Amino acid sequence: MSDRTVLHVKGRVLVGPDDVRDELWAVGGRISYERPAGARDIRTVEGWALPGLVDAHCHVGLGPHGPVPEDVAEKQALTDREAGTLLIRDAGSPSDTRWIDDREDLPKIIRAGRHIARTRRYIRGFAHEIEPGDLVAYVAREARRGDGWVKLVGDWIDRGTGDLSACWPREAVEAAIAEAHRLGARVTAHCFAEDSLRDLVEAGIDCIEHATGLTEDTIPLFAERGVAIVPTLVNIATFPQLAAGGEAKYPDWSAHMRRLHERRYDTVRAAYDAGIPIFVGTDAGGSLAHGLVASEVAELVTAGLPPLEALSATAWGARRWLGRPGLDEGAPADLVVYDQDPRADVRVLAAPRRVVLDGRIAG
């Protein structure tokens, strides 16, 4: 497609769950609902159109041992694009991926900077590893480097106890979250276990990743404060394998991971029933493959979310939460076209017919 080509999308354009229109036009990379006057070079795509999907927990530029070369990061981003993911909240990466912003053929990224973890309390090569006295300074640094988010590691295995435990004292996270908010950034945290959640939420955190440790005691607190969760169920599915690998050295941790896995669907459903905002994230990067957004939506449905709510968690609702437009007049023409209505069956998301990025058909 040339820069002068006008893309005509017709069929069913899902501007919102109940706002369905017959067609849209992509002119100069932007959405219009009026036929452009005098347009001659027009390419038509037919089907069911959704806003470009959102993966709200993804790691572009991250591999099993830390940062990866640019060509590997490019392949990661292309894999996500082909799956229909056109907006990524990169939930922590040691790589500088700003070069992606200059590529019109790659997904748009909202960065959280690099993970911030307690010394020897996270995967080697992934995070800044610091002590509590330095937390405020590092949060300020990553708030300035990111795109409105900062990522903490809220809990991890404690080699002294042999189980998951909170990484930060309450006063440290209170000061750090306050500093991030002062700088205009939101804060999220990796949390598998139960005991880090109350302090983080009462300290003002905006989101929790994984949130497998939610209980009947903390679910009401999340709901009251409006703290979102990104369950990453396709990642939680790996817990039994992780537990088996660590059982000989850390039997308590292994048993804990299995319990968190066994109740994962009940946890997510209880969170949804309580009104906690839930969004789609795959945790791609590190050791998990990219391009799993459709699988994560299906997992949320398995957990008990109504299909339309699971769809919104990667489409309309997710974009609104991240402050990015959907299929709005004048917005970037980032959309995915399917052969069937994804509202009727979310499994349709696994087979995009066309992916359109900035008004151009990708791939």
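Structure first, text after, so check above.
What this report covers is the structure whose coordinates are included nearby. (Residues numbered from 1 in each chain as written. Predicted model: local features only at pLDDT ≥ 70, side-chain atom pairs only at ≥ 80, totals over all residues. Heavy atoms only, no water.)

Moving on: the pattern of salt bridges. A full pass over the atoms with the stated rule returns 27 salt bridges. A salt bridge links Arg111 to Asp101, with the nearest nitrogen and oxygen atoms 3.0 Å apart. Taken together, the residues Arg111 in strand β9 (residues 108–111) and Asp101 in the loop between β8 (85–90) and β9 connect sequence positions ten residues apart. Overall, Arg111 belongs to the buried group, its relative accessible area being 7%. For Asp101, a relative accessible area of 43% corresponds to the partly exposed category. Across the pair Arg263 and Glu194 runs a salt bridge whose closest N-O atoms are separated by 3.0 Å. In this pair, Arg263 is assigned in the loop between α8 (251–262) and α9 (264–273) and Glu194 in the loop between β15 (186–191) and α4 (197–202), connecting sequence segments 69 residues apart. (Salt bridge = Lys/Arg side-chain N within 4 Å of Asp/Glu carboxyl O. Helix = DSSP H or I, 4+ residues; strand = E, 2+ residues; numbered from the N terminus. Buried < 20%, exposed > 50% of the residue type's maximum accessible area, 1.4 Å probe, protein only.)

As enumerated under the stated definition, the model contains six aromatic pairs in all. One aromatic cluster is present, formed by Tyr122, Phe126, Trp156, Phe192 and Phe239 through successive ring pairs. Taking the ring centre of Tyr33 as reference, the NZ or CZ of Arg21 above it sits at 4.4 Å. Stacked on the ring of Tyr265, the Lys or Arg Arg264 has its end atom at 4.2 Å from the ring centre. (Phe/Tyr/Trp six-rings, centres within 6.5 Å; stacked < 30°, edge-to-face > 60°. Lys NZ or Arg CZ within 6 Å of the ring centre and 35° of its normal.)

A cluster of basic residues, Arg120, Arg124, Arg159 and Lys249, forms a positive patch at the surface. Looking at the element boundaries, Arg159 is found in the loop between β13 (155–158) and β14 (163–166). (Patch = residues over 30% accessible without salt bridge, like charges linked within 9 Å, V, L, I, M, F, W, Y side chains within 5 Å. Areas by Shrake-Rupley, 256 points an atom, 1.4 Å probe, with all protein chains shown as cover. Lys, Arg positive; Asp, Glu negative; His and termini not counted. Charge placed at Lys NZ, Arg CZ, Asp CG, Glu CD.)

To continue, consider the sheet that holds β9. Paired through backbone hydrogen bonds, the strands of a sheet run either parallel or antiparallel to each other. With parallel pairing, three strands are arranged side by side in an open sheet as β5-β8-β9. Each having just a single partner strand, β5 (53–58) and β9 make up the two edges of the open sheet. The average angle at which neighbouring strand axes cross in this sheet is 20°, direction not considered. Relative to β9, β8 runs parallel, the two being bridged by four bridges. Within β9, the position partnered with Leu87 by the bridge is Lys108. (Pairing = 2+ DSSP bridges. Axes fitted to C-alpha atoms, helices over the stretch in contact; angles between N-to-C directions.)

Approximately 960 Å³ is the volume found for the largest pocket. Of all the secondary structure elements, the ones that give two or more residues to the lining of the largest pocket are β13, α7 (239–246) and α8. Looking at the lining of the largest pocket element by element, the count peaks at three residues for α7. For the lining of the largest pocket, a count of residues per class yields 14 nonpolar, twelve polar and seven charged. (1 Å grid on protein atoms, 1.4 Å probe; cavity = no way out; pocket = protein on both sides within 12 Å on 5 of 7 lines; lining within 4 Å. Points joined across faces, edges and corners; volume = space filled by probe spheres on them. Nonpolar A, V, L, I, M, F, W, Y, C, P; charged D, E, K, R; others polar.)

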